[in-house]
2 protein chains.
Amino acid sequence: MAALEAPRREQLLNAADRVVRRDGPGASMNAIAAEAGITKPILYRHFGDRNGLFQALTERHTSGLLDAMRAALAEPLERRERVELVLDTYLAGIESRPQVYQLLTHPEAGDPNGVGSALAPAMRQIADEITRAVTAQVDLGPDAPLLSETWGRAITGMVLAAGDWWLEQRPCPRARMVQALADLLWGRLAAAAPLPAAPLPSAPPPTPPTP
Amino acid sequence: MAALEAPRREQLLNAADRVVRRDGPGASMNAIAAEAGITKPILYRHFGDRNGLFQALTERHTSGLLDAMRAALAEPLERRERVELVLDTYLAGIESRPQVYQLLTHPEAGDPNGVGSALAPAMRQIADEITRAVTAQVDLGPDAPLLSETWGRAITGMVLAAGDWWLEQRPCPRARMVQALADLLWGRLAAAAPLPAAPLPSAPPPTPPTP
DNA sequence: CGCCAGGTGTTACCGCGGGTAACATCGGTG
DNA sequence: CACCGATGTTACCCGCGGTAACACCTGGCG
């Protein structure tokens with residue numbers, strides 16, 4: 001099966017990499033072929049279809065982030081510190097090469113499947129890693145399997161959305177973001193004091209009519 | 001602007017709605033036109049382009065979900081109960097019409113945007129609503145603005161990813177899912193007892209081969 | 001030498017989807 | 001009547017993913 005050091009393949013992947021860095025995940029096969037100085041059929045000979053190319057391109061970058069996440073999850077620290085390390089590892093990753101991690105987190109693709117297709121493959125792998133770590137490290141009683149799997153997905157989605165927003169807006173330094181997210185996971189929302197109820201309507205117009 | 005009761009427009013939106021319910025967010029303009037018993041140019045006259053149509057279609061369904069979320073966020077309950085109500089409201093929404101809410105949560109489309117474009121518009125509105133509710137109801141000290149905005153995004157992404165997974169796999173009844181997510185937000189991950197460290201490698205091969 | 005095999009490359013095409021131009025039709029109003 | 005606006009059509013353009021068919025150049029092997 002494949003992967004038996006094909007230098008040409010690497011060249012083509014490099015070209016694809018350049019184009020994706022420039023045009024984002026929506027880069028066209030024509031553009032990639034042109035960047036490589038060739039024409040489409042060669043790309044299709046090497047990668048089968050567009051999905052195959054982007055999969056190869058993705059796998060190239062996934063391992064780095066994934067290994068870092070695994071290492072952080074296995075670090076022998078107090079739990080809170082470990083969680084902060086994991087969060088910081090992810091944010092540092094997307095911060096270092098935004099365009100590349102855009103490809104990992106939002107492949108866009110849009111293949112025809114009945115339903116679902118929620119998390120990108122790379123994100124699914126991260127979710128699995130979190131699930132595994134939670135299962136191995138935390139005593140959650142009889143519901144452990146369901147809880148850890150749910151939490152793996154939930155935490156991944158949480159840090160994904162928060163990370164996207166942070167990258168776009170840069171509302172604070174990274175360390176602060178890590179604290180904010182760790183605080184959320186540590187139940188600070190539950191523990192904080194209530195504010196006196198203000199009888200203000202939260203939204204000016206309720207909603208235009210629905211016929 | 002707009003919305004000045006254009007009955008024809010409503011008819012077309014109804015047809016589009018039917019097609020999206022059947023084919024999901026990838027529905028083609030041709031299919032929608034056919035369902036409406038007409039041809040493409042009419043659609044384009046009414047909605048400008050595909051994006052315009054789907055935006056109109058989205059706004060139609062957004063209000064329902066958003067109103068429900070607002071109502072849940074404003075319910076006079078103990079905080080934990082309110083959070084559970086909000087989670088349940090969202091999950092009930094996506095459960096009732098998966099294809100429709102697929103449209104709200106994953107518009108996919110693939111329009112040319114420079115960078116970013118993390119959360120779909122409907123999700124962004126939900127995030128704003130959560131932010132507003134947290135700001136109004138919880139005392140978070142001097143960092144309140146940053147925390148509540150971060151948490152709004154984070155919680156939205158969390159429930160989005162978890163909801164997608166739940167819809168796909170149906171691993172448990174809805175009430176259980178609500179409990180699992182509320183437990184996470186309530187710091188159960190932080191509070192649970194540790195397990196004895198098992199020196200097992202968490203992943204068998206660092207990176208599996210490419211089939 | 002001739003010949004085949006395989007990797008590299010090309011041009012030209014198909015089907016489909018978004019989007020548009022140009023023309024046809026009908027109902028009402030001055 | 002002429003005019004106008006909404007409704008509708010056919011026929012087309014373009015770009016994209018994907019493919020067929022053909023051309024070339026190397027090398028090994030009889």
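Residue numbers here run from 1 along each chain, matching the order of that chain's written sequence. The lettering of chains begins at A and the numbering of ligands begins at 1, in the order of writing. The model is predicted, so local features are restricted to residues of pLDDT at least 70 and side-chain atom pairs to those at 80 or more, both for listing and for counting; the totals for chains, interfaces and linings are taken over all residues.

When you go through chain A residue by residue, the secondary structure sums to 10 helices and 1 strand. Any residue with 12 or fewer other C-beta atoms within 10 Å of its own C-beta is exposed, any with 20 or more is buried, and the rest are partly exposed; the C-beta atoms used are placed from the backbone. Counting every position in chain A, which comprises 211 residues, the buried fraction comes to 37%. Whether two residues are in contact depends on their C-beta atoms, placed from the backbone: they are in contact if these lie within 7 Å. Taking contacts inside chain A between residues at least 6 apart in sequence as the whole, the part at least 24 apart equals 58%. Strands are runs of DSSP state E lasting at least two residues, helices are runs of H or I lasting at least four, and both sets are numbered from the N terminus onward.

All names here are of chain B. Here helix α1 (residues 7–23) crosses helix α4 (residues 50–74) at 85 degrees, and the two axes come no closer than 10 Å. On the basis of the axis angle, α1 is roughly perpendicular to α4. Contacts between α1 and α4 pair L13, A16, D17 and V20 from the former with L53, A56, L57 and R60 from the latter. Each residue gets one of three labels, nonpolar for Ala, Val, Leu, Ile, Met, Phe, Trp, Tyr, Cys and Pro, charged for Asp, Glu, Lys and Arg, and polar for the others, Gly among them. Here the contact of α1 with α4 is composed, by residue class, of 6 nonpolar, no polar and 2 charged. As a rule, the C-alpha atoms of each element are fitted with a line to give its axis, helices using only the stretch in contact, and angles between N-to-C directions run from 0 to 180 degrees. In what follows, roughly perpendicular refers to angles from 65 to 115 degrees, roughly parallel to angles under 35, roughly antiparallel to angles over 145, and oblique to any angle outside these ranges.

A few words now on the environment of L91 of chain A. All names here are of chain A. Note on placement: L91 falls in helix α5 (residues 79–96). Looking at L91, the number of C-beta atoms within 10 Å reads 20, which means it is buried. L91 sits 72 residues away from G163 along the chain, and the two C-alpha atoms are 6.4 Å apart. Here L91 is in contact with G163, W166, R174, M177 and V178, once residues within four sequence places are set aside.

Turning our eyes to something else, we now look at the protein's contact with DNA strand C. Near residues are defined by distance alone, with the backbone-placed C-beta atom required to lie within 6 Å of the molecule or strand. In the vicinity of DNA strand C, 14 residues are found, and the nearest of them are R8, T39 and P41 of chain A together with S28 and R50 of chain B. Looking at the surface near DNA strand C, the elements that each hand over two or more residues are α3 (40–47) of chain A together with α2 (29–36) and α3 (40–47) of chain B. For the surface near DNA strand C, a count of residues per class yields 6 nonpolar, 3 polar and 5 charged.

The next subject is the protein's contact with DNA strand D. Taken together, the neighbourhood of DNA strand D is formed by 14 residues, with S28, M29 and R50 of chain A together with T39 and P41 of chain B sitting nearest. Of all elements in the fold, only α2 (29–35) and α3 of chain A together with α3 of chain B reach the threshold of two or more residues within the surface near DNA strand D. Across the surface near DNA strand D, the residue classes tally to 6 nonpolar, 3 polar and 5 charged.

This part is about unusual backbone geometry. Residues and elements named next belong to chain A. Positive phi outside glycine occurs at R170, with the angle close to 50 degrees. The residue R170 is located in the loop between α8 (144–169) and α9 (174–185) in this model. By C-beta crowding, R170 is classed as exposed, having 11 other C-beta atoms within 10 Å.

So, on to the confidence of the model for chain A. All names here are of chain A. Predictor confidence is given residue by residue as pLDDT, running from a minimum of 0 to a maximum of 100. Per-residue confidence for chain A gives a mean pLDDT of 88, with 86% of residues at or over 70. Ranking the elements of chain A by mean pLDDT puts helix α6 (residues 98–105) last, at 85, and α9 first, at 98. For the stretch residues 206–211, pLDDT sits under 50, and the model shows 6 contacts to residues farther than four places along the chain or on other chains.

A few words on the environment of P196 of chain B. Residue and element names in this part refer to chain B. As for its placement among the helices and strands, P196 is situated in the segment after α10 (188–191). For P196, a count of 6 C-beta atoms within 10 Å gives the class exposed. Measuring from C-alpha to C-alpha, the distance between P196 and L53 comes to 56 Å, with 143 residues separating the pair along the chain.

What follows is about the domain arrangement of chain A. Residues and elements named next belong to chain A. When its domains are assigned, chain A resolves into domain 1 (7–48) and domain 2 (59–109 + 118–187). Put simply, the middle of domain 1 and the middle of domain 2, counted by C-alpha atoms, are 30 Å apart. Here the residues of the side of domain 1 that touches domain 2 sort into 3 nonpolar, 2 polar and 1 charged. In this document the domain limits rely on a domain assignment from an automatic tool or a database.

Glancing now at helix α5 (residues 79–96) of chain B. Along an α-helix, residues three or four positions apart point the same way, because every turn accommodates 3.6 residues. All names here are of chain B. A helix is expected to span 1.5 Å for every residue after the first. A rise of 1.5 Å per residue sets the reference length of α5, with its 18 residues, at 26 Å; its end C-alpha atoms lie 26 Å apart and thus fit the reference within 8%. Of the positions making up α5, those classed as buried are V83, V86, L87, Y90, L91, G93 and I94. Buried residues of α5, viewed axially, fall in a sector of 155 degrees; they line one side. Every exposed residue of α5 that faces more than 90 degrees away from the buried side is listed here: E81 and S96. The inward-facing, buried residues of α5 contact α4, α6 (98–105), α8 (144–169) and α9 (174–185). The arc in question is the one traced by the directions running from the helix axis out to the C-beta atoms.

Before going further, it helps to spend a moment on the environment of L13 of chain B. Residue and element names in this part refer to chain B. Tracing the chain through its elements places L13 in helix α1. Judged by the 20 C-beta atoms lying within 10 Å of it, L13 falls in the buried class. L13 sits 41 residues away from F54 along the chain, and the two C-alpha atoms are 9.1 Å apart. Filtering out sequence-adjacent residues up to four positions away, L13 remains in contact with A56, L57 and R60.

Moving on: the packing of α5 of chain B against α8 of chain B. All names here are of chain B. Close contact between α5 and α8 brings their axes to 10 Å; oriented N to C, the two are set at 45 degrees. Viewed along their axes, α5 and α8 adopt a mutual orientation that is oblique. Considering how the two elements wind past one another, α5 and α8 form a crossing that is right-handed. Facing α5, whose interface residues are L87, Y90, L91, I94 and E95, α8 presents V159, G163, W166 and L167. In a left-handed crossing the near helix is turned counterclockwise from the far helix by less than a right angle, and in a right-handed crossing that turn is clockwise.

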